[in-house]
Amino acid sequence: DGPRPLLQGLDGLRGNHAVALERGARLGVPPTTSQDLLALRALQIASGLHFAGVGRGELVTLLLPPGPGRTAVAHACWRIGAVVVATSTELTLRECEQAHRQARPGIIIANGSGLALTRAARSPWLRLAVGRLPVLNRVVLGVGDNLADMVAHHPHVTLPPPPAPDDSAALLFA
């Protein structure tokens, strides 16, 4: 049948309670994640990101550990047409910093250590923490908001049309 768009099945996962992923709990996604919950969480995150102004073609760095949370954020980015910038966990700290400088993302979504890693890099227009940080840490790391609060405050924004099958989806540094 030829290639299928990456997100073609995301809406089709709604109502499917089969296990999609099993990992540690992060970003409000439990350790054992059903396909239904993964799809719902990805759409909620996409809604929050779209409300914040993230759109088609924006480079979004994800500095998150592997698991359901990172998967949901990646799918959310793809749903709104953003391009995910991902680095391999096997890269050294220096290689990861260099990859980030080369990519020049406009948005960074990271945990505390990922935000610290990118603190000295060219300042993106949006830095989101995946968890709540103390006020001093938010100021030092240049964090505008955290992903969970953004999603909670903007859960039902109308999403843009899905990206075209040949739109860019990811920039990988391995």
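Scroll up to find the structure.
I'm lost on the sheet that holds strand E4 (residues 83-87) in this one. Help?
The strands making up a sheet are joined through hydrogen bonds of the backbone, oriented either antiparallel or parallel. Taken in spatial order, the 6 strands of this open sheet run E7-E6-E5-E3-E4-E8, and their pairing is parallel. Since the sheet does not close on itself, it has two edges, and those belong to strand E7 (145-146) and strand E8 (170-173), each with one partner. In this sheet, E7 lies alongside strand E6 (residues 126-129) in parallel orientation, the contact comprising 2 bridges. Across the sheet, the residue bridging to alanine 129 is asparagine 146, located in E7. Where helix H2 (residues 68-79) meets the sheet, it contacts strand E3 (59-63), E4 and strand E5 (107-110), and its direction lies at approximately 175° from that of E3.

When you look at the packing of helix H1 (residues 35-51) against H2 in this model, what are you seeing that I'm missing?
Any two packed helices are characterised by the angle at which their axes cross and by the distance between the axes. Close contact between H1 and H2 brings their axes to 8 Å; oriented N to C, the two are set at 55°. By the angle class used here, H1 and H2 are oblique. Every pair of crossing elements has a handedness; the one defined by H1 and H2 is right-handed. Each of Leu38, Arg41, Ala42, Leu43, Ile45, Ala46 and Leu49 in H1 lies in contact with H2, whose residues at this interface are Pro68, Thr71, Ala72, Val73, His75, Ala76, Cys77 and Arg79. Partitioned by chemical class, the residues of the contact of H1 with H2 number 11 nonpolar, 2 polar and 2 charged.

Explain H2 to me, please; I cannot follow it from the model alone.
Counting along an α-helix, one turn takes 3.6 residues, and residues three or four places apart therefore face a common direction. Under the 1.5 Å per step criterion, the end-to-end length of H2 is 16 Å for 12 residues, consistent within 8% with the ideal 16 Å. Most of H2 sits inside the fold, with 10 of its 12 residues counted as buried. Turning to H2, its buried residues are Pro68, Gly69, Ala72, Val73, Ala74, His75, Ala76, Cys77, Trp78 and Arg79. A positive backbone phi angle near 90° is found at glycine 81, which sits one or two residues after H2.

What counts, and where the lines are drawn
- Residues numbered from 1 in each chain as written.
- Predicted model: local features only at pLDDT ≥ 70, side-chain atom pairs only at ≥ 80, totals over all residues.
- Heavy atoms only, no water.
- Pairing = 2+ DSSP bridges.
- Helix = DSSP H or I, 4+ residues; strand = E, 2+ residues; numbered from the N terminus.
- Contact = heavy atoms within 4.5 Å.
- Axes fitted to C-alpha atoms, helices over the stretch in contact; angles between N-to-C directions.
- Parallel < 35°, antiparallel > 145°, perpendicular 65-115°, else oblique.
- Left-handed = near helix turned anticlockwise from the far one by under 90°.
- Nonpolar A, V, L, I, M, F, W, Y, C, P; charged D, E, K, R; others polar.
- Expected span 1.5 Å × (residues − 1).
- Buried < 20%, exposed > 50% of the residue type's maximum accessible area, 1.4 Å probe, protein only.

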